[in-house]
Amino acid sequence: MRLLWRTAGFCYHEGKVENGAAYWSDRGILCSPPCSLTPHRKREAEETLLQVLALDPFHIPSRQ
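Each chain has its residues counted from 1, following the order in which its sequence is written. Predicted model: local features are reported for residues with pLDDT of at least 70 only, side-chain atom pairs are reported and counted for 80 or more only, and whole-chain, interface and lining totals are derived from all residues. Working from all heavy atoms in the structure, the side-chain values ignore hydrogens and water.

Novice: Help me understand the overall build of the protein, please; the structure alone is not making it clear to me.
Specialist: Strands here mean DSSP runs of E at least two residues long; helices mean DSSP runs of H or I at least four residues long; both are numbered from the N terminus. Scanning the protein from N- to C-terminus turns up 1 helix and 2 strands. The C-alpha extent of the protein, read off along each of the three principal axes, is 40 × 35 × 15 Å. Only protein chains enter the calculation, and the probe is 1.4 Å; a residue is then buried if its accessible area is under 20% of its type maximum, exposed if over 50%, and partly exposed in between. Classification of the 64 residues of the protein by burial places 16% in the buried group. Put simply, 29% of the contacts in the protein that link residues at least 6 apart link residues at least 24 apart. Accessible area for the protein stands at about 5,400 Å²; split by element, carbon and sulfur atoms hold 56% of it. In the protein, which carries 8 positive and 7 negative side-chain charges, the distance between the mean positions of the two groups comes to 6 Å. The contact criterion used throughout is that any non-hydrogen atoms of two residues lie within 4.5 Å. Each accessible area value is a Shrake-Rupley result obtained with a 1.4 Å probe; residue values ignore everything except the protein chains displayed when judging cover. Here Asp and Glu are counted as negative and Lys and Arg as positive; His is not counted, and neither are the chain ends. In this description, the location of a charge corresponds to atom NZ of lysine, CZ of arginine, CG of aspartate or CD of glutamate.

Novice: Which parts of the structure should I look at to understand unusual backbone geometry?
Specialist: In this model, glutamate 14 sits at a positive phi of 60°, which is unusual for a non-glycine residue. Mapping glutamate 14 onto the fold places it in the segment before strand S1 (23-25). The class of glutamate 14 is exposed, set by a relative accessible area of 61%. Positive phi, close to 60°, is recorded for glutamate 47, a residue that is not glycine.

Novice: Looking at this structure, how should I read a nonpolar patch on the surface?
Specialist: A cluster of nonpolar side chains, contributed by Trp5, Ile29 and Phe58, occupies part of the molecular surface with about 270 Å² of accessible area. Residue classification places tryptophan 5 among the partly exposed residues on the basis of a relative accessible area of 38%. To count toward a patch, a residue needs a relative accessible area above 30% and no salt bridge. Like charges then connect within 9 Å, nonpolar side chains (Val, Leu, Ile, Met, Phe, Trp, Tyr) within 5 Å. When a carboxyl oxygen of Asp or Glu is within 4 Å of a side-chain nitrogen of Lys or Arg, the pair counts as a salt bridge.

Novice: Any chance you could explain the packing of aromatic side chains here in plain terms?
Specialist: Within a pair of aromatic rings, the relevant descriptors are the distance that separates the centres and the angle that separates the planes. Stacked, edge-to-face and tilted are the three classes for Phe, Tyr and Trp ring pairs, Trp counted by its six-membered ring, which pair at centre distances within 6.5 Å; planes under 30 degrees apart are stacked, over 60 edge-to-face, the rest tilted. Enumeration according to the criterion identifies 1 aromatic pair in this entry. Judged by centre distance (5.1 Å) and plane angle (35°), the ring pair of phenylalanine 10 and tyrosine 12 falls under tilted. In this structure phenylalanine 10 comes out as buried when scored by relative accessible area, which is 9%. The exposure class of tyrosine 12 is buried, given its relative accessible area of 16%.

The structure is reproduced here in C-alpha cells:
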C-alpha cells in the first residue's frame, strides 16, 4: 500500500501534516502502518533489521 504525500490515509506524526510522516526508515519515508510493516518483515526475513533508529528526515539541526 503506497500513498502519496498528503493523500487520504497517509499517516502523519501526531496526526498533524506539519509534523511530517509518522514512519520513516533509512530507505525512505513510509506512508502508513501496513506500508511500514512490509519492509520490516522483509528485513526480518533477511536478518538485516536495524539496531538503531533511522534519523528523522524532517529534523533540521539548529545552527549555533
